[in-house]
Amino acid sequence: MDAADIVASVLVLGIIVVSLLSNVVVLICFLYNPEIRKQVPGLFILNLTFCNLLLSVSNMPLTLIGLITTGHPGGSGFCQIVGFLDTFLTTNSMLSMAALSIDRWVAVVFPLSYHSRIRHRDAVIALGYTWIHSLCFSTVATCCSWFGYHHLYASCTLCNGRAKGAGTQFIVFTVALHSLTFLLTLIVLCVTYLKVLKVARFHCKRIDVITMQTLVLLVDIHPSVRQKCLDEQKRRRQRATKKISTFIGTFVVCFTPYVITRIVELFSPGPISPHWGVLSKCLAYSKAASDPFVYSLLRHQYRKTCSLLANKVLKRSPLNSSSIRTENNTGRGNNNAADNIQPPTNKPLGQ
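Residues numbered from 1 in each chain as written. Predicted model: local features only at pLDDT ≥ 70, side-chain atom pairs only at ≥ 80, totals over all residues. Heavy atoms only, no water.

Judged by side-chain polarity, Val24, Ile28, Leu31 and Tyr32 come together as a nonpolar surface patch covering roughly 340 Å² of accessible area. Positionally, Leu31 belongs in helix α1 (residues 3–32). Residue class for Leu31 comes out exposed when judged on its relative accessible area of 53%. (Patch = residues over 30% accessible without salt bridge, like charges linked within 9 Å, V, L, I, M, F, W, Y side chains within 5 Å. Areas by Shrake-Rupley, 256 points an atom, 1.4 Å probe, with all protein chains shown as cover. Salt bridge = Lys/Arg side-chain N within 4 Å of Asp/Glu carboxyl O. Helix = DSSP H or I, 4+ residues; strand = E, 2+ residues; numbered from the N terminus. Buried < 20%, exposed > 50% of the residue type's maximum accessible area, 1.4 Å probe, protein only.)

Here is the structure:
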């Protein structure tokens, strides 16, 4: 192992630890908090958490072993199974993110009809599509024996070296896979979240107008209080932009290098640096570690649930459904206009 492989191994190990811990915490919060379980977006988050956990215990350790041993981590049949999981889980997680963004868009743009437009049955249908979509691509690649150990990424995944004699078919399949997963999800994320941002800015602007009118009327208000109100207006506008940038930015940063490398690999006449290939794969893995924070753990409900769980472990207070429900109801009333750009909740915004 050279220095680059050691750094990559440490990076993969860190991603595995963070991904396992954070996704397990999300799963525990889902199981303990009845309010989270009642929410339609909770089904999408549960599916995303399941994909991330399975990816963390199946594919990531094999990549770590491949980096350490600089060789094939298992037999051909075993690598076929791991490669199947790699394609299935990655595709499923991307489509789950797209479903979450659509749910958020409906909640913000159609707040009064959200409950009639997005129901648990609709969420189950959407999840059924994500599973069928993912299974189709994974099954086709398995039947064509296109999964194998790829030294460029030090992992069991789609391998063009196993597609000899079917070069054109493999190229068409790979381009279709990334177009109908990565590109489709990116388009959905951009369209939905940018519309959400537009609505959020409109509401922030209305609040700003009311605030300014109030400040004009209060001629005797202290200058420090006036400045505090103006600063809060600025923070409110920035908060909405930061949240949208986080949703789209993490997806682009984590998946774009890997997808571009896969496409360039199909047409490049020269070899690609294995260090870059491993780095792009690590970035793709890092999405599984960042998703719990982006979509769940930074939300009020999950923070309160984690606090209650910590109190129970430390014997500070009992954890029960009524206390969780009380905390949720209390926190729900504290949201402001800019906080409407949260990862999806069952409560429509704008009411």
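Our focus in this paragraph is the nonpolar core. The biggest cluster of nonpolar side chains holds 42 residues, and the ones touching the most others in it are Phe182, Tyr193, Ile244, Phe251, Phe255, Tyr295 and Tyr302. Examining the composition of this core, we find that eight residues originate from one element, helix α8 (residues 223–267), more than from any other. If we ignore the near neighbours within four places in the chain, the residues touching Phe182 are Met94, Leu177, Phe251, Phe255, Thr256 and Val259. If you look at the next biggest cluster of nonpolar residues, it comprises 23 residues, including Val12, Ile16, Cys51 and Tyr285. (Core = buried A, V, L, I, M, F, W, Y, C linked by side-chain atoms within 4.5 Å. Contact = heavy atoms within 4.5 Å.)

All right, on to the packing of helix α4 (residues 76–109) against helix α9 (residues 274–297) then. It is the contact of α4 with α9, at a shortest axis distance of 12 Å, that shows an interaxial angle of 40 degrees. By the criterion of interaxial angle, the relationship of α4 to α9 is oblique. The element α4 and its partner α9 pack so that their crossing is left-handed. Contact residues: α4 offers Asp86, Met97 and Leu100, while α9 offers Lys281, Tyr285, Lys287, Asp291 and Tyr295. When its residues are assigned to classes, the contact of α4 with α9 shows four nonpolar, no polar and four charged. (Axes fitted to C-alpha atoms, helices over the stretch in contact; angles between N-to-C directions. Parallel < 35°, antiparallel > 145°, perpendicular 65-115°, else oblique. Left-handed = near helix turned anticlockwise from the far one by under 90°. Nonpolar A, V, L, I, M, F, W, Y, C, P; charged D, E, K, R; others polar.)

The contact between α1 and helix α10 (residues 300–313) brings their axes to 10 Å, and the two run at 90 degrees. If you check the angle between α1 and α10, you find them roughly perpendicular. When α1 is examined against α10, the residues Val25, Val26, Ile28, Cys29 and Tyr32 are found in contact with a partner set consisting of Tyr302, Thr305, Cys306, Leu309 and Lys312. Tallied by class, the residues present in the contact of α1 with α10 amount to eight nonpolar, one polar and one charged.

A separate point is the pairing of strand β2 (residues 155–158). Sheet analysis places strand β1 (residues 147–150) next to β2, joined by four bridges and oriented antiparallel. Bridged to His150 within β2 is Ser155. Remark: four residues form the turn of the hairpin made by β1 and β2, two consecutive strands paired antiparallel; Ala154 in that turn has positive phi of roughly 50 degrees. (Pairing = 2+ DSSP bridges.)

What follows covers α9. Here α9 is 24 residues long and its end C-alpha atoms lie 34 Å apart, about the 34 Å a rise of 1.5 Å per residue gives. In the structure, α9 departs most strongly from a straight axis at Ser290, where the bend amounts to approximately 45 degrees and where the proline Pro292 lies between one and four residues downstream. Of all 24 residues making up α9, 18 are buried, and the element is well covered by its neighbours. (Expected span 1.5 Å × (residues − 1). Bend = angle between axes of the 7 residues up to and from the residue.)

So, about the packing of aromatic side chains. One pair of aromatic rings is described through two measures. These are the centre distance and the angle between the planes. Taken as a whole and assessed by the stated rule, the structure comprises twelve aromatic pairs. Pairing Trp146 with Phe170 gives two aromatic rings, centres 5.4 Å apart and planes at 85 degrees, and the pair type is edge-to-face. Placement of the pair is Trp146 in the loop between α6 (120–143) and β1 and Phe170 in helix α7 (residues 167–217), with a sequence separation of 24 residues. With a relative accessible area of 3%, Phe170 lands in the buried category. Site record: aromatic cluster; members linked through ring pairs are Phe50, Phe84, Phe88 and Trp131. Above the ring of Phe110, the side-chain terminus of Arg117 is found at 4.1 Å from the ring centroid. (Phe/Tyr/Trp six-rings, centres within 6.5 Å; stacked < 30°, edge-to-face > 60°. Lys NZ or Arg CZ within 6 Å of the ring centre and 35° of its normal.)

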